[in-house]
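Fold and geometry: a report
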Amino acid sequence: AANITGPATVPVSEVKEGDLFEGATGTYQMGYQIYHATYTALPDNAWVEVSHAAVPTELQGFWVWRARGSGIWYNLGRTKVFPTPADYSQIHRDAIEFLTANCSRKPSMS
């Protein structure tokens with residue numbers, strides 16, 4: 001054992017501001033994270049640390065998640081901010097529709 005000690009993780013269902021938890025906030029992002037209830041959209045051309053997982057439709061664009069401490073820096077270029085819907089179950093709907101229409105293509109079978 002590595003004898004690593006630190007704060008205990010909190011179950012995802014019980015997180016509150018600043019808690020360390022283990023889980024996913026995006027379809028492909030797993031690992032330890034610190035919960036923040038609110039966020040501020042980042043400005044155009046900001047440099048941020050990100051993580052990425054490739055998906056088969058990423059032929060023209062790609063998803064990244066902000067991941068402080070990853071050591072992988074990315075310049076955002078021009079940003080697009082989507083409003084948070086009243087129905088939280090639809091949280092990424094507008095972004096997914098936009099990216100599907102503008103940044104994804106089905107691979108050619110030729």
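Scroll up a little and you will see the structure.
Residues numbered from 1 in each chain as written. Predicted model: local features only at pLDDT ≥ 70, side-chain atom pairs only at ≥ 80, totals over all residues. Heavy atoms only, no water.

1. Here we look at the overall build of the protein chain
Where we set the bar: Note on conventions: DSSP H or I runs of at least 4 residues are helices, E runs of at least 2 residues are strands, and numbering of each starts at the N terminus. Exposed residues in this analysis have more than 50% of their type's maximum accessible area, buried residues have under 20%, and partly exposed residues fall in between, with area computed by a 1.4 Å probe over protein chains only. Should any heavy atoms of two residues lie within 4.5 Å, those residues are counted as being in contact. Computed with the Shrake-Rupley method and a 1.4 Å probe, the accessible areas treat only the protein chains shown as cover for residues.
Across its full length, the protein chain holds one helix and five strands. Overall, the protein chain shows an N-to-C arrangement of helices and strands of β-β-β-β-β-α. Per-residue burial over the protein chain gives 16% buried out of 110 residues. In the protein chain, of all internal contacts separated by at least 6 residues, the share reaching a separation of at least 24 is 40%. For the protein chain, the exposed area adds up to about 8,800 Å²; of that, 56% sits on carbon and sulfur atoms.

2. What to know about the pattern of salt bridges
Heads up, the condition is: Put simply, a salt bridge is a Lys or Arg side-chain nitrogen that is within 4 Å of an Asp or Glu carboxyl oxygen.
Considering all chains together, one arrives at three salt bridges under this definition. Its salt-bridge partner being Asp94, residue Arg93 comes within 3.0 Å of it at the nearest N-O pair. Judged by relative accessible area, which is 30%, Asp94 ranks as partly exposed. In this structure, Arg93 and Glu97 form a salt bridge, with 4.0 Å as the shortest nitrogen-oxygen distance.

Functional significance is not addressed by these values, which are geometric in nature.
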